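Read off the chains here:
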Amino acid sequence: MSVWVTEEVMRWAVRFCSRRCPWQQHRFLLTSSIKDTSFPSQQLAQVCVSQKSQTSLSQSLISSVRFYSQDRSHSDGVEELSLPPEVQLDDSASELRTPFFDSLRRCGSPSDVLDLTRQYSPTVRQVSNSLTHMWSTTKKMSEEQRRYELQLMFEHPAFEELLQKALKTVGHMRNDDVTYSLLSMVNLGVSQHSRVVQTYLRVCQEKLNDFDEKSLSILASCLENMESSTNVDALKKGMRLVVEARLPGIKNVMTLQTMMRLLGKDAPQDLKRTLEKKALSMTDQFTLPNTQYMIFTMATMGFYSKPLMDLCSKKIAEDFHGIPFNRLYRVLQSYKELLYRNGDLLTGLSEYVASTLDVWTNKQVLLFLSIFEELAFCPDALMEAYAEKVISNPDVLALKDLSCVLKVFSSLNYDVRHQRQQFLDSLSHALSSYLPKMPAFTLLKAVYCLCLLGHFPSAPLEQLLHSSTLEQLEGSKFAKSRERMFQTVDLCLRLDRPPLPQPLTVPTSVMGDASSSSQTVNSRLSQGLQSLMGDEADTMLQEMVLVENSYLIDGVITKPLPNQTCRTEASSCAGVEGSPAESNQRIAVIYTPQSGFCYGTSNPRGHLAVKIRHLKILGYTPVLVTEQELQYDEERTETLRGRIFPELHSFTSSQPCEISFPYVSS
C-alpha cells in the first residue's frame, strides 16, 4: 500500500487547521517528539460510553461514542473532517501502477517517503500506504539506525503535513487502511495521546462492526502494544464483544490467535475456555508456525491449556530443524511463564542442539542452557557436548559466558562423569585468567558455584577472602544473597576440607545469621514419622534438628545397625576402622519440594545437593521425602517404612549382611 500527498495540499491542510482547530493554535501537535513528550496541560482524548450504550453494545456490538479533546466535545461524525478537493478518491487497482507507487517501493527510509509525498498529489489510499511503508523501512534497520532515522522523520517538515492529511482523509479510508495507518503511526512513535491517533481510535470504534477478520487482526496487533487510555480501553471492550460474537465464524488460525492476544490476561475465564475449545477444533489446520504462536499466545494471555500445550509441543518436537533460534527460545520462555514442562520436547531439543552444536553461536547455546536451568530441566546431551567444547578450548569463554556456565552446571548439579576433573580444571583455568579484573561480587558468585560443584581452586579462593575484596563486598547490594553464598563457602571449606596451600577461613562478619530454625515442621511428615516410630523398637526420633547452624533436618532417626558383623564389613569396605560410637545409624529425613530436583528425575539441584553431600560427611544417611509420597494417609507410614528401614524388606535376601542405605547420590 502507498500514500501520496502534494506540497500544495499539505499547505492547504496547515492553513485549514490553523484557522479551524484550537489545538493547532495552542501547539497541540499531531505528533510527539522522539521521546513521546507528554502534554500535562492538555486534556487527553476521551470516550464516554453510557450504561445504555453498554447494553446496546452487547447487542449490536458497537454503540455511538463521544470524542473529547481540548475541553471541546465533538459528537458529530468523522465526516465533518471534510476532504480537500485536491485529494482524489481512487481505489482502483491501476493506482498500484502509478509512478508514485513505483517510487515508493524504492524508498529506503521514512525521510525518503516524506520527500516523495511532497512531489505527488495523493489519493486516500496513498496516505495509508506511505505511513505503512515508512514503518516497514524501519523494521529492517539496526536499533541505532532506527533511532537516527526516526529523529530525522520527526524533524522533517513534511511529516506534520502527512499526519494532517491522514487526519482529514480517515473518514474516506477503507477499513484495513484505517487499521494499517493506526498501527504504523503507533509503531513509528507518534504519541498515543495525540489528536491524530485518538481520532483513528474513534473511527475504529465507529467502524468496528464492519471490520472483517483482517482488519480486526491488524487492530488487535496495534492495541496489544498501546498503553491504557479511555479510548483504547473502550475499543478493547468493544473488540471483546465483537470477538465473542464472531468466534464461531472465525476460520483463520492466525486471526484467532491475534484475538486471543488482544483479550489478554483480563479476559473472563469462561471466554478463555471458549477460545480453548475453538482452538482445539482447529488443530487440524495448525502449521508449524501456528503451533509456536499458539504457545506464545497462551503465555500472553496467562492461560494454561494442557491439551493445547501438549499438542503444540508434539508438533514442534517433530521438526526442530525448521524453527529458528528466536522462536525455539520463546517457546521455552513461554513454558516458564506458564509453569509447563514437556519432557519429550525438552529432551529432544537438548539432543538436537547437541548434535548440531557447531551450527549455533556460543551465545545461543548459553541462552539455551540458561533457560533450561530456569525450567529446572537438565539437558544431559547438551551439557555433555558443551562440556567437551569447554575442555577442548576453555579460553573461548568470556567472563559473562563463564559465569553462565558455572551457574547452570552448579544449579543442575550436573556430573560430567569421566571428564569431571578435566572440565572443572578448565573452568578454573578460565576463571584464573580473569581474576585481575574481575568484580568482587562476580568473583563471589563464581567461587560459590565451584563450591557447589565440590571444586576448590586456591587462587580464586585466596583472592575472594583477601581483605581488600571483602571490603569491596561489604557495601555491595544483595546483602542476603551475599551472606548466603559466603555461608556456603564457609561450610564447604570446613566440611569438605579441600587440600589448599594455606588454610582459609571465611570471616564471621560477612556471613550474617546462618540459622534457618524459623522453618516449621511438615505436619504430614511429622505424623508419619511418629506413627512409624511406634512400631519400631530401639529407635529414637528427633524433629527439626539444626546441623552446623545451617542445615535443618525435618527428622533424625537413630537406630542400631542390624548386627556387628555387617557393621564391621561395611567399615572395612569404606577403609574406616569401626568404633563403639558407630554402632548406631543416623538417618536424616528431609522433606523436599519437587522444585528441589531436576525435572523428571530424582537428581537434587544446587543447594540441596550440597546439603546431602555435607550430611553424608557428618555421618548421616539422607532420605528425601516429597509431597507426593505423603499425599495419602493410608500409604504414608508404609512408604516411610520402606524408605527408612529398607533392610526389613531385604531381610530374607541371600546376602543378609548387605545393607541398603537410602540416599540420593550427589
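Everything in this summary refers to the structure shown in the same document. On a predicted model such as this, the values are computed, not experimentally measured, just so you know.

Evaluation of the coordinates by the stated rule reveals two cavities of 30 Å³ or more. Of the voids in this model, the second largest cavity is the one considered here, and its volume is about 40 Å³. Along its surface, the second largest cavity is lined by Phe 409, Tyr 414, Asp 415, Val 416, Arg 420, Phe 423, Leu 424 and Leu 453. With three residues, helix H22 (residues 420–434) is the largest single contributor of residues to the lining of the second largest cavity.

Moving on: the sheet that holds strand E4 (residues 540–547). Taken in spatial order, the four strands line up as E4-E5-E6-E7 in an open sheet, and their pairing is mixed. Strands at the two margins of the open sheet, each flanked by one partner only, are E4 and strand E7 (620–625). Strand after strand, the sheet turns through a mean of 30 degrees between neighbouring axes, direction not considered. Alignment of strand E6 (residues 584–591) against E7, held across six bridges, turns out to be parallel. Paired with Ile 587 across the two strands is Thr 621, which belongs to E7. Packing against the sheet, helix H29 (residues 606–617) makes contact with strand E5 (551–560), E6 and E7, and its axis sits at approximately 150 degrees to E7. Together, E5, E6 and E7 form the strand contacts of helix H30 (residues 633–644), whose direction differs from that of E7 by roughly 150 degrees.

Moving on: the packing of helix H11 (residues 213–224) against helix H12 (residues 230–246). Here H11 crosses H12 at 140 degrees, and the two axes come no closer than 11 Å. The angle between H11 and H12 places the two elements in the oblique class. For the pair H11 and H12, the crossing hand works out as left-handed. Touching Leu 216, Leu 219, Ala 220 and Leu 223 of H11 are Val 232, Leu 235, Lys 236, Met 239, Val 242 and Arg 246, all from H12. Looking at the contact of H11 with H12, its residues break down into eight nonpolar, no polar and two charged.

With the rule as written, the count across this model stands at zero disulfides. Free cysteine Cys 222: the closest other cysteine sulfur is in Cys 204, separated by 7.6 Å. On the accessibility criterion, Cys 222 (2% relative accessible area) is buried. Free of any disulfide, Cys 378 has its nearest neighbouring cysteine sulfur in Cys 598, separated by 4.9 Å. A relative accessible area of 8% places Cys 378 in the buried class.

The residue Leu 339 is not glycine, and still its phi comes out positive at about 55 degrees. Relative to the helices and strands, Leu 339 is located in the loop between helix H17 (325–338) and helix H18 (343–355). Judged by its relative accessible area of 72%, Leu 339 is exposed. The phi dihedral of Arg 497 falls on the positive side, at around 50 degrees, and the residue is not glycine. As for its placement among the helices and strands, Arg 497 is situated in the loop between helix H26 (479–495) and helix H27 (523–533).

About the thresholds
- Residues numbered from 1 in each chain as written.
- Predicted model: local features only at pLDDT ≥ 70, side-chain atom pairs only at ≥ 80, totals over all residues.
- Heavy atoms only, no water.
- 1 Å grid on protein atoms, 1.4 Å probe; cavity = no way out; pocket = protein on both sides within 12 Å on 5 of 7 lines; lining within 4 Å.
- Points joined across faces, edges and corners; volume = space filled by probe spheres on them.
- Helix = DSSP H or I, 4+ residues; strand = E, 2+ residues; numbered from the N terminus.
- Pairing = 2+ DSSP bridges.
- Axes fitted to C-alpha atoms, helices over the stretch in contact; angles between N-to-C directions.
- Contact = heavy atoms within 4.5 Å.
- Parallel < 35°, antiparallel > 145°, perpendicular 65-115°, else oblique.
- Left-handed = near helix turned anticlockwise from the far one by under 90°.
- Nonpolar A, V, L, I, M, F, W, Y, C, P; charged D, E, K, R; others polar.
- Disulfide = S-S within 2.5 Å.
- Buried < 20%, exposed > 50% of the residue type's maximum accessible area, 1.4 Å probe, protein only.

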